[in-house]
Amino acid sequence: KAYFKRYQVKYKRRREGKTDYRARKRLIAQDKNKYSTPKYRFVVRFSNRFVTCQIVAAELVGDKVICAATSKELARYGLQAGLK
């Protein structure tokens, strides 16, 4: 009984298997000589119908999406191929 009183649950996203915090820390860590310069990363997400591409910057309170584009927008530019 005493074991379960002291048991500390993991972060929610760790329990769900969505976030590997060790890999995230390595990905986001910025060089100390860059001061508070944001470090950007390119994120691609696939849904059943569309592909979403985002440029994301990490902050202490959470990640900020700088800009995003979806494959739905390709038709506006005259592309017929590549649409899901």
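Treat the numbers as computed from the prediction; the structure is a model and nothing was measured.

Parameters and conventions
- Residues numbered from 1 in each chain as written.
- Predicted model: local features only at pLDDT ≥ 70, side-chain atom pairs only at ≥ 80, totals over all residues.
- Heavy atoms only, no water.
- Helix = DSSP H or I, 4+ residues; strand = E, 2+ residues; numbered from the N terminus.
- Rg over C-alpha atoms; globule rule 2.2 N^0.38 Å.
- Buried < 20%, exposed > 50% of the residue type's maximum accessible area, 1.4 Å probe, protein only.
- Contact = heavy atoms within 4.5 Å.
- Areas by Shrake-Rupley, 256 points an atom, 1.4 Å probe, with all protein chains shown as cover.
- Lys, Arg positive; Asp, Glu negative; His and termini not counted.
- Charge placed at Lys NZ, Arg CZ, Asp CG, Glu CD.
- Pairing = 2+ DSSP bridges.

**Q** Would you mind going over the overall build of the protein in detail, with residue names and values included?
**A** Within the protein one finds 3 helices and 3 strands. Computed over the C-alpha atoms, the radius of gyration of the protein is 19 Å, more than 25% above the 12 Å expected from 2.2 N^0.38 for a compact globule of 84 residues. Structurally, the protein occupies a C-alpha span of about 65 × 40 × 20 Å along its principal axes. Counting only residues that meet the buried cut, the protein has 10% of its 84 residues in that class. The long-range fraction of contacts in the protein, counting pairs at least 24 apart against all pairs at least 6 apart in sequence, stands at 12%. Per element, the accessible surface of the protein, about 8000 Å² overall, is 55% carbon and sulfur. For the protein, the distance from the average position of its 23 positive side-chain charges to the average position of its 6 negative side-chain charges is 8 Å.

**Q** Please give an account of the pairing of strand β3 (residues 63-70) that cites residues and values.
**A** Where strand β2 (residues 51-58) and β3 come together, 7 bridges link them in antiparallel fashion. Bridge pairing in β3 links Ala58 to Asp63.

**Q** Now, about the pairing of β2: what can you tell me, with residues and values included?
**A** Bridging between strand β1 (residues 40-46) and β2 involves 7 bridges; their strand directions are antiparallel. For Val44, the partnering residue across the bridge sits in β2 and is Cys53. Here β1 folds back onto β2, and the loop between the two strands holds 4 residues. The turn linking β2 back onto β3 is made up of 4 residues, and Gly62 within it adopts a positive phi angle of 155 degrees.

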